[in-house]
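Now for the letters of each chain:
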Amino acid sequence: MVLGILAHVDAGKTTLSEAMLYTTGQIRTLGRVDHQDAYLDTDEQERKRGITIFSKQARLKDWTLLDTPGHVDFSAEMERTLQVLDYAILVISGTDGVQGHTRTLWRLLRHYEIPTFIFVNKMDLPGADRAFVQTQLKKELSDGCVDFTQSQEAEGELTDAFYEEIAVCGEDFLDEYMHNGEIAIDHIAEGITQRLVFPCFYGSALRLEGIETFLTGLSRYMRKPDYGSDFAARVYKIGRDVRGARLTYLKVTGGKLRVKERISYDGLEEKVDQIRLYSGDKYETTEELAAGEVCAVTGLTATYPGQGLGAEQATSAPLLEPVLNYQIRLPQDVNPVEMMGKLKLLEEEDPQLHILWNEQLQEIHVQMMGQVQIEVLTQLIKERFGVVVAFGQGNIVYKETIAKPVEGIGHFEPLRHYAEVHLLLEPAEPGSGIQVSSVCSEDVLDLNWQRLIATHVTEREHPGVLTGSVLTDVKVTILTGRAHTKHTEGGDFRQATYRAIRQGLKSTRSVLLEPMYAFSLEVPQETVGRAMTDLKQRCGMFDSPQFVSGSHGDMAVLTGKVPVSTMQDYSAEVAAYTSGKGHLTLELAGYDVCHNSEEVIASIGYDSEADTANPTGSVFCAHGAGFLVPWDEVDRYMHLERVIDSNQYTLAAGNGRTYDMTGAAYSAGEADSLTGIKRRGSWEKSVSNMSSLELDKELADVYAREFGMSREDMEEQERRKWSQKKPDKLKAPTVKHDKKGNPIYPAKGPQERMLVVDGYNIIFAWKDLNELSRVNIASARDRLKDILLNYQGYEGCRLVVVFDAYKVKDNAGKKEFYDGRRKRQGAGNPSGDIGIEVVYTRTDETADAYIERLVHDEKGHYHISVATNDGLVQLTVMSQGALRMSAENLREEIARAGQKG
C-alpha cells in the first residue's frame, strides 16, 4: 500500500517520516532536518533550506511512504503525488493547529477521495493543547475526526467513549453500537476508507512519543484495495537520476508490470528497460511488480504526470495552479532557442511551470507559485545547465471566459483541403475549465470527424481575445460540420476548430478573470477598522468580523476573498500596524471577474488581429486559390447555415433549448437558467464617486445586463413575488429628479419618514469616524449613534441603525432603543421618546440582508430612505421603492437639519 505524508510547512512532516522509519528499523540512526541529515532530504537544496522540495519514497513494513513538499510554493509537486495514494497522513502542529495551507490540503484530499489519518505533532512543546486542537479539527475539518490515541485502556480493550464517538459518524455505526454495544474493527476500517472517520493520533515525532501507537493504528485500520487483472498504471512524476537517465515514477493499479514489457501510449510503443524500487536516494531493481506498488522505470520517453497507462484513465486538470508569470532573463551569450529546449526538460518534471516562448516580446516566460520556488529553480538551472539566469518582476496569470452563448464558425479551405466547423460556446460554472460535447447527427458529420474536433478543442490551451490569456469555464458543443470525401485531412479540422473558437470569442462579450485568495485576517479588536478599510481598498469581499479572545487579548477575525494582485506584501503591513499581533492566512481560491479589467487590458496591449499564430478569420477557396476572410465576414462565405438563429439563439440541433439575446435559456416553455457567469462585477468599487444621475444610469445598465429587464420591470416582479394574487401588468410611473439628481417619488398620504442606516458602512465612509474606528470601533459606533440621535431629534422620523453581527459567534442578535442616556432591550419606541433603534444582527446575518428584509416589511407603512455606500444594497432597496442616500448625502442632510434647527 502507498501512504502519503502531507503537512503545512514546519509542522514536522519530515521528522515524522524519520521517526516512522527509525521505529520500524528501516534506518539505524535518527536524522534531523536542522542537522541536515534527514533520510528523505536527499537534495542539497533541501538540506540547506530545511524544507522538502521534491517528493521522495521510502519502504517500511509492507508499505511505501511518499514524503511530499509542505511549502506552498511546491504544492504542485504535492498534488501530483496525491493521485497514487491509498491513504494519507496529514500532520498538524500541536502549537499552531489548523493553518491556511492545512485547509488547502484537506480540500485536495476530499477532491481526490483519499482516506486520511491525522497525526498532531509537537505535543511536547509549551502551548500544545490537545483538547483545543481536537475541537478545532472537528470544527474546521470534519466531525468525523476522532481521537484514537486514548481509545484503548491498559489491557487494550476499546472504551465505550470511543465507540460512542465513532457511532455518531454514521447511521450504520450507530445501529451496530446500539445492537451489539461495540463496533467491529473491520467496520471502523471500512468507515475510514469511505472517509466517514478520520483517526487522530497525538505525539512528538522528535522525541518518538506516540509513534508506536500511531504505527499500530495504521496496521490495524488500513486495508489493501482490490485491483483488476489487466495492466494499468498511473504516472505521477518525471525525474532524472544522477547520470541524466529519464525516470518515470508510477503506481501499478492493475495486473503486473514486467521488465522488457512493451507499453503502448499516445501512439507510441516503448519497452520498459528497468524497474527501480527507491528508498531515499538508493534503489533496488526487480523483474516484476504487482498492483498497488510504486516504482521508477526507465525506457519511456514521452510520459507525463497524471497520464494513465494501460487500462488506467488520465486524471483531470490539477486544482492548484501558479498565479504569477515571470520572464526568464538569460545571459547575452546564451542562445534562447537552445535554452528553451533545456528548460522544456524541467517542464517535463513540473508541467505547472508552463515554460513558453513569447513571440511578440521575444522572451521566455514561466509560471511560478512564489519566491522560494524562483530561488530553487535558479539554482537548479545553474546545476543542470551551467547557466545563471535572473527573473523579471512577477505578473498575474489572468484567464478569460465569455458572458453570453455564441455560435463560432471556422472554415479551412486552401487548395485541396476542406473542413468547416460550427461550435456553440456557452459560459460554464467557475472552475469547470473547458468541456466539450456534441449534438451533431452522424448523418451530417461522421463520428470520427466529431471525435477529432473534440480532441482539438481539448488538446491545447486556447488564448482569449482580450489579453491572450487562457480561455476557461466554457462549454463547447459541436453543432454541425462538413468534410470533403477526397480533400479533407485531420489537420484541416484542427485549423477549422481553432478558428471557430476564435471567431466565436470575437463575436461575443469576453470577461477577464483574475486569481483570488481566500483569506483569514486576525487582528487586535482596536485595529479592525483599519483592517476592514485596507481590505475594501484592495477590493476584498468579507463577512462581518468575529470577535474572539486569544493570547494577544481581544481579537477580531475577518474572512473572505480578495484579488491576488492587491495583496502583495500585505502580511508585512499587518505585522507593522498590529505590532506583530496580527496574523494573515492566504490560500488560492480560484478565479473571479477582474476588479480592474480595463486597466489590465490596456497595460497588456494584446491585439487579437495581430496574433498570426491564432487567427480569428477563416480560409476559403475560389478560382483555385485560397483567400483569408475576416472573422466578421465569415457569415457571407460559410457553406453551412447557422444552427442558432441570430435573433433568438434557437438551437435547430434539437437539444430542447432556446436562447434569447440576453443569454437566458428556456426549456419546454418555462425558464431554465442558462449556466452563466456568476461572479461579482467590478463596477461596485467606483459607485461612491458617481453622481446620483450617473449611478441611476449605471444601475439601470446592471438591471438590463444581469436580469434582462429594466428597474421598473424588476419592481413589478418584486410586487408579484410578494402578493397573493397575480396582478395586471403595472405601468411604471415617470420618476422626476431633483437638482442633485435624486429621484422624487409622489407623496403617499400621511405616511411617516423612516431612515435606515448601514452602520459600519457609514463609519468607514466618514473620515473622522474611520480614524476613530482604528483606535476603538466601539467609540466609533457610539459617536455615530449620538450623531443620528441628534438628527432624529430635529427631524422626528423613525431611525434604525444596523450593525453586522456585533458580539461573538453563536449569538442570536440584539435590538436596543438608544436615547443618549440609556438603552432598553427590544426594538421600537412604545413611549414615544426621542431615540433611535439599534440592531446588531445575529451570527451569519449581514446588515445588508437585514436592511433588505426591513425595507420589504415596512415599505407599505413608511417613506423609507436607506443610507449606505454599498451599490448592491442601493440597487435592491430601490427595486422595492425605497430612496437611496449615500454616506456623503447623509452627512449633508444632517448638517442641513442642524442649520434648520
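Described in the following lines is the structure provided in the data block. Keep in mind that this is a model prediction, so the values were computed, not measured.

Thresholds applied
- Residues numbered from 1 in each chain as written.
- Predicted model: local features only at pLDDT ≥ 70, side-chain atom pairs only at ≥ 80, totals over all residues.
- Heavy atoms only, no water.
- Phe/Tyr/Trp six-rings, centres within 6.5 Å; stacked < 30°, edge-to-face > 60°.
- Buried < 20%, exposed > 50% of the residue type's maximum accessible area, 1.4 Å probe, protein only.
- Helix = DSSP H or I, 4+ residues; strand = E, 2+ residues; numbered from the N terminus.
- Lys NZ or Arg CZ within 6 Å of the ring centre and 35° of its normal.
- Axes fitted to C-alpha atoms, helices over the stretch in contact; angles between N-to-C directions.
- Parallel < 35°, antiparallel > 145°, perpendicular 65-115°, else oblique.
- Contact = heavy atoms within 4.5 Å.
- Nonpolar A, V, L, I, M, F, W, Y, C, P; charged D, E, K, R; others polar.
- Pairing = 2+ DSSP bridges.

**A few points about the packing of aromatic side chains**
Tallied over the full model, the rule gives 20 aromatic pairs. Aromatic side chains Phe162 and Tyr163 sit 6.1 Å apart centroid to centroid with 50° between the ring planes, which places their arrangement in the tilted category. Comparing Phe162 with Tyr163 shows no difference in burial state: the two are buried. Ring geometry for Tyr760 versus Phe803: centroids 5.2 Å apart, planes at 70°, classification edge-to-face. Taken together, the positions of Tyr760 in helix α20 (residues 759–765) and Phe803 in strand β42 (residues 798–803) put the pair 43 residues apart, joining distant regions of the chain. The two residues Tyr760 and Phe803 agree in class, both being buried. One aromatic cluster is present, formed by Phe119, Phe148, Phe162, Tyr163, Tyr177, Phe201, Phe214 and Tyr221 through successive ring pairs. One residue, Arg195, lies across the ring of Trp106, its end atom 5.5 Å from the ring centre. Cation over ring: Arg460 sits above Tyr498, and NZ or CZ is 4.5 Å from the ring centre.

**Focus: the packing of helix α14 (residues 528–537) against helix α21 (residues 767–775)**
For any two helices packed against each other, one specifies the inter-axial angle together with the distance between the axes. Running from N to C, α14 and α21 point in directions that differ by 125°, and their axes come no closer than 6 Å. The angle between α14 and α21 falls in the class oblique. The segment α14 lies against α21, with Gly529, Arg530 and Thr533 engaging Asn770, Ser773 and Arg774. Residues that form the contact of α14 with α21 fall into these classes: no nonpolar, four polar and two charged.

**Description of the sheet that holds strand β9 (residues 246–254)**
Two pairing modes exist for strands in a sheet, parallel and antiparallel, and in both the strands are linked by backbone hydrogen bonds. Pairing in this open sheet of six strands is antiparallel, and the strands run β14-β13-β16-β9-β8-β17 from one edge to the other. The strands lining the two open edges of the sheet, one partner per strand, are β14 (282–286) and β17 (308–310). In this sheet, adjacent strand axes meet at a mean angle of 40° when their direction is disregarded.

**Overview of the environment of Pro331**
Mapped onto the elements, Pro331 comes out in the loop between β18 (324–329) and α10 (336–349). Each C-alpha atom, one on Pro331 and one on Val389, is 6.8 Å from the other, the two residues being 58 residues apart in sequence. Apart from the residues lying within four places of it in its own chain, the contact partners of Pro331 are Val387 and Val388.

**Some details on the pairing of β18**
By the bridge criterion, five bridges tie β18 to strand β20 (residues 363–368) in an arrangement that is antiparallel. Bridge pairing in β20 places Leu324 opposite Met368. Relative to strand β22 (residues 395–396), β18 is paired through two bridges, and the arrangement is antiparallel. Bridged to Asn325 within β22 is Asn395. Across two bridges, β18 lies against strand β21 (residues 390–391) in antiparallel orientation. Across the sheet, residue Ile328 finds its bridge partner in β21, namely Phe391.

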